[in-house]
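Chain by chain, the residues run as shown.
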2 protein chains.
Amino acid sequence: MDEFGIIETFFKRRPQSSRVLLGIGDDAALMEGPAGHAYVLTTDTLVAGVHFPDGAPGFDVGYKALAVNVSDLAAMGARPLGFLLNLTLPTVDEAWLTRFRDGLSALSEGLAMDLIGGDTVRGPLSVTITAIGEVLQGEALRRDGARVGDRIYVSGFLGEAALGFLARAGRVAVPEEFLADVVARLDRPKPRIAEGQALRSIASAAIDLSDGLVADLGHILKASGVGAEIDLRRLPVSDAYDAVFSTVGYDPALGFGDDYELCFTVPPERLPAFHHILPRFGCGFHYIGDIVAGESLVLRTETGVYIPQALGFNHFRG
Amino acid sequence: MDEFGIIETFFKRRPQSSRVLLGIGDDAALMEGPAGHAYVLTTDTLVAGVHFPDGAPGFDVGYKALAVNVSDLAAMGARPLGFLLNLTLPTVDEAWLTRFRDGLSALSEGLAMDLIGGDTVRGPLSVTITAIGEVLQGEALRRDGARVGDRIYVSGFLGEAALGFLARAGRVAVPEEFLADVVARLDRPKPRIAEGQALRSIASAAIDLSDGLVADLGHILKASGVGAEIDLRRLPVSDAYDAVFSTVGYDPALGFGDDYELCFTVPPERLPAFHHILPRFGCGFHYIGDIVAGESLVLRTETGVYIPQALGFNHFRG
């Protein structure tokens, strides 16, 4: 049983309270907020030795713990408001805590996010953040709105975090001029907050790429009851990626995750509005395929089609 | 540096968003909610081997992880709405997960709380819950409202969880007829939700007793800028407690914590209203002392006075 099976089997229930507008199953939950708004709530845990190396710099741990949560807010089109911080520490290392705090602040201050609560306990190093954002009711981007005929887009480049991870582990040789960039993409992903907000009236469905394109697009397909065809030749990868992986295929871009780009669908009638916002975003939005009938994800290559069974990061895969 | 020092030094900032009505420093944060309400948000982490024994029954872990958070909602006078669950598991043990879920449900279903989101990851066993409640704006019980002349009360009996802990560890001999009760008080505390709600228009300040009376009342004193005199002969303890501790003093009732009773203050002019609600609550509310000028907590005994420096559970005390 994987983490999604655990949630389905043990924890997913229909919400009873009228204050809960959307429960388990999307990037974030929605609760009724003030003055026509909905609050967007999401939470992620990072564990030392699992999500980041033992001995990782405090700055990077703080930054990334917040970034992965903010990325879920971005995928809902939300404006970030604040967060709660649960910090489990083996010891009190003030120098480490200072760097951790600075990493958090590097992201939270630019977004004007308030730290509104939390808990600090002793134990194996781990960070849980619960982030809160807001959006006008009815405007949140969800996973379940993709329809046959919609185009599928991703922001930025895919596989950069995989490159950073493999380079640091000494498993691939990344050319010197790209090295700092790909490691930064792994340690300090930039949540696509402005992009998510701009897509609110345009995208029919959206998700952030935390577990890899195949797994995360799969969530959109399942929630929306549709299939997809992706043209692998359209996958946006960087020069660094091409320099390393040109001969070994696209698996890291498809299955590693940790890129925290957005994957979203655009209905044909909204393409003019979509093209209108494109110039604002330097990261680029790349058309990679289409929503089709059925429930399969089909990947087209130059030589044929591939239908993946289970790609993407999963904590409990055997 | 203790956990409160960590928060003060590294994380406490004045909130910037007008949506945040109360930030770090109380039992819970307050955010602007719909229709004149405020949302109450609180979070607590329980770590295996720290907050519960390795090998603790899944039911108890699930129950208590939610109970300690609901107790913070009770201390704010809030109506519980829902929660997010972060579960860090070393392996997927479906039997354990079933019992864990049943323990959560045993509490959440009676309170009609929705599980609205969460995260499940691999790592050393740990549970973080973020609970959400609501209260009419301006009616939340806070720590900072105690004034000189207010009476200090606690609900129920103190030191029961300490008894349960010491009995299970074989460090005290609890008479057979009390044993199941005191262990249940440790493993399955009953958050004082109804009591907290009834106290909204009566108490001037409130807190839940998670770290022990001295530490937790100390938070009220510090936030309110006042002192207190407690008469130790008035501390409400059970027959079980008296049977074990009659000769060894009141430390477990003062300093162990984990009772999740409420400690609150009542201004003299609200005593009639307070007496009016008393018959509704079987747990009893016990008058233990008074708010006085100054900033000290003075404990009166039969033989003199005692001014404690630092009692109460603290994760990082050396």
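Computed from a predicted model, the values in this text were never measured in an experiment. Just so you know, the residues in each chain are numbered from 1, in the order the chain's sequence is written. A letter from A marks each chain and a number from 1 marks each ligand, given out in the order of writing. Given that this is a predicted model, residues contribute local features only at a pLDDT of at least 70 and side-chain atom pairs are listed and counted only at 80 or more, while totals for whole chains, interfaces and linings are drawn from all residues. Note: side-chain values were computed over all heavy atoms of the structure, leaving out hydrogens and water.

> Would you mind showing me how to read the pattern of salt bridges here?
When the charged atoms of two side chains with opposite charge come close together, those side chains can pair. Salt bridges are counted wherever a side-chain nitrogen of Lys or Arg sits within 4 Å of a carboxyl oxygen of Asp or Glu. A full pass over the atoms with the stated rule returns 34 salt bridges over all chains. Arg-19 of chain B serves as the salt-bridge partner of Glu-134 of chain A, at 2.7 Å between the closest nitrogen and oxygen. With one member in each of two chains, Glu-134 of chain A in strand E6 (residues 126–136) and Arg-19 of chain B in the loop between helix H1 (3–11) and strand E1 (20–22) form a pair that bridges those chains. Just as Glu-134 of chain A is buried, Arg-19 of chain B falls in that class too. Each helix corresponds to a stretch of at least 4 residues labelled H or I by DSSP, and each strand to a stretch of at least 2 residues labelled E; elements are numbered beginning at the N terminus. Classification of residues uses two cut-offs on accessible area relative to the type maximum, computed with a 1.4 Å probe and protein chains only: under 20% is buried, over 50% is exposed, and between them is partly exposed.

> I tried to follow the sheet that holds E1 of chain B on my own but got confused; where do I start?
Hydrogen bonding along the main chain pairs the strands of a sheet, whether they run parallel or antiparallel. One bridge is not enough; two strands pair if DSSP finds at least two bridges between them. Taken in spatial order, the six strands line up as E1-E2-E3-E6-E4-E5 (chain B) in an open sheet, and their pairing is mixed. Only two strands of the sheet have a single partner each, and these edge strands are E1 and strand E5 (114–122) of chain B. The average undirected angle you get between the axes of adjacent strands in this sheet is 25°. Sheet analysis places strand E4 (residues 79–89) of chain B next to strand E6 (residues 126–136) of chain B, joined by nine bridges and oriented antiparallel. Counterpart to Thr-88 of chain B in the pairing with E6 of chain B is Ser-126 of chain B. Lying on the sheet, helix H1 (residues 3–11) of chain A is in contact with E4 and E5 of chain B; it crosses E5 of chain B at an angle near 145°. The strands touched by helix H2 (residues 58–75) of chain B within the sheet are strand E3 (37–47), E4 and E6 of chain B, with E3 of chain B carrying the most contacts at an inclination of about 140°. To get an axis, a line is fitted to the C-alpha atoms, and for a helix only the part in contact is used. The angle between two axes follows their N-to-C directions and goes from 0 to 180 degrees. In what follows, residue pairs with any heavy atoms lying within 4.5 Å of each other are defined as contacts.

> How should the interface of chain A and chain B be read in this particular structure?
Note: interface size is frequently given as the accessible area lost on complex formation between the parts. Taken together, the contacts link 63 residues of chain A with 63 residues of chain B. Accessible area, probed at 1.4 Å, shrinks when two parts are joined; the buried area is that loss added up over both. Interface area for chain A against chain B, summed over the two sides, is near 5,600 Å², with a carbon-plus-sulfur share of 65%. Seen at the junction of chain A and chain B, the total is two salt bridges. N or O atoms closer than or at 3.5 Å make up a polar contact, with two conditions inside protein: a donor-capable atom paired with an acceptor-capable one, and, for residues adjacent in sequence, both atoms drawn from side chains. Summed over the shared surface of chain A and chain B, the result is 21 residue pairs in polar contact (both at pLDDT 80 or more). The set of elements that each furnish at least two residues to the side of chain A that touches chain B consists of H1, strand E2 (29–32), strand E3 (37–47), strand E4 (79–89), helix H3 (94–108), strand E5 (114–122) and E6 of chain A. In terms of residue count, the dominant contributor to the side of chain A that touches chain B is E5 of chain A (nine residues). Residues of the side of chain A that touches chain B, tallied by class, amount to 32 nonpolar, 19 polar and 12 charged. We call Asp, Glu, Lys and Arg charged. Ala, Val, Leu, Ile, Met, Phe, Trp, Tyr, Cys and Pro are nonpolar, and the rest, Gly among them, are polar.

> I tried to follow the relation of the copies chain A and chain B on my own but got confused; where do I start?
These two copies of the chain differ by a rotation about an axis and a displacement along the same axis. Least-squares fitting of one copy onto the other uses the C-alpha atoms of those residues that reach a pLDDT of at least 70 in both copies. Superposing chain A onto chain B requires a rotation of 180° together with a translation of 0.0 Å along the rotation axis, leaving an RMSD of 0.0 Å. Here the copies are linked by what is in effect a two-fold axis. Residues of chain A ranked by C-alpha distance from the rotation axis are headed by Pro-34 of chain A, positioned 2.1 Å from it. A shared interface surface links the copies, since 100% of the contact residues of chain A are contact residues in chain B too.

> Teacher, can you tell me more about helix H4 (residues 160–168) of chain B here?
Since there are 3.6 residues in each turn of an α-helix, residues three or four apart along the chain are aligned in direction. Residue and element names in this part refer to chain B. Within H4, seven of the nine residues are buried, which leaves it mostly tucked inside the rest of the structure. Turning to H4, its buried residues are Glu-160, Ala-161, Ala-162, Leu-163, Gly-164, Leu-166 and Ala-167. Remark: Gly-170 follows H4 within two positions and exhibits a positive phi of approximately 75°.

> Where do I start with the environment of Glu-302 of chain A in this structure?
Following the sequence through the fold, Glu-302 of chain A ends up in the loop between strand E12 (297–300) and strand E13 (305–306). In this structure, the C-alpha to C-alpha distance between Glu-302 of chain A and Glu-195 of chain A, residues 107 residues apart in sequence, is 31 Å.

> Which parts of the structure should I look at to understand the sheet that holds E12 of chain A?
Residues and elements named next belong to chain A. Ordered by their spatial adjacency, seven strands build an open sheet running E8-E10-E7-E11-E9-E12-E13, and the pairing between neighbours is mixed. For this open sheet the edge positions go to strand E8 (205–208) and E13, each flanked by a neighbour on one side alone. As paired elements, strand E7 (residues 151–155) and strand E10 (residues 262–266) share four bridges and run antiparallel to each other. Residue pairing across strands places Ile-152 opposite Thr-265, the latter belonging to E10. Against the sheet, helix H2 (residues 58–75) touches E8 and E10, its axis set at about 175° to E8. Where helix H7 (residues 213–224) meets the sheet, its contacts fall on E7, E8, strand E9 (227–231), E10, strand E11 (285–292) and E12, and the angle it forms with E8 comes to roughly 150°.

> Is there a simple way to explain the pairing of E10 of chain A in this structure?
Looking along a regular strand, one sees the side chains alternate between the two faces of the sheet. For E10 of chain A, the buried fraction is high: five of the five residues fall into the buried class. Of the two faces of E10 of chain A, the one holding Leu-262, Phe-264 and Val-266 of chain A and the one holding Cys-263 and Thr-265 of chain A are both buried throughout.

> Would you take a moment to explain the domain arrangement of chain A for this structure?
Residues and elements named next belong to chain A. If you check the domain split of chain A, you get domain 1 (3–136) and domain 2 (151–306). Counting residues at the interface gives 22 residues for domain 1, matched by 20 residues for domain 2. Counting each side, the surface lost to burial between domain 1 and domain 2 is near 1,700 Å², with a carbon and sulfur contribution of 57%. For the pair domain 1 and domain 2, the interface holds two salt bridges. With its nearest N and O atoms 2.9 Å apart, the salt bridge here joins Lys-64 to Asp-258. At the boundary of domain 1 and domain 2, one finds seven residue pairs in polar contact (both at pLDDT 80 or more). Elements supplying a minimum of two residues to the side of domain 1 that touches domain 2: H1, H2 and E4. Domain delimitation in this document rests on an assignment produced automatically or drawn from a domain database.

> What should I look at first to understand the pairing of E6 of chain B in this one?
Residue and element names in this part refer to chain B. For E6, a buried count of 10 out of 11 residues is recorded, marking the element as mostly surrounded by other parts of the structure. Pairing of E3 with E6, which is carried by 11 bridges, proceeds in the antiparallel orientation. Across the sheet, Thr-43 pairs through a bridge with Thr-130, a residue of E6.

> Can you walk me through the packing of aromatic side chains in this structure?
Stacked, edge-to-face and tilted labels apply to pairs of Phe, Tyr and Trp rings (six-membered ring for Trp) whose centres lie within 6.5 Å, assigned for plane angles under 30 degrees, over 60, and everything in between, in that order. Per the counting criterion, the structure on display carries 25 aromatic pairs over all chains. A centroid spacing of 6.2 Å and a plane angle of 85° characterise the contact between Phe-11 of chain A and Phe-100 of chain B, whose relative ring orientation is edge-to-face. With Phe-11 of chain A in helix H1 and Phe-100 of chain B in helix H3 (residues 94–108), this pair bridges two chains. Taken together, the aromatic side chains of Tyr-153, Phe-264, Phe-274, Phe-281, Phe-285 and Tyr-287 of chain A make up a single cluster linked through ring pairs. Should the NZ of a Lys or the CZ of an Arg lie within 6 Å of a ring centre and within 35 degrees of the ring normal, that charge is described as sitting over the ring. The ring of Tyr-287 of chain A has Arg-151 of chain A lying over it, and the distance from NZ or CZ to the ring centre is 4.2 Å.

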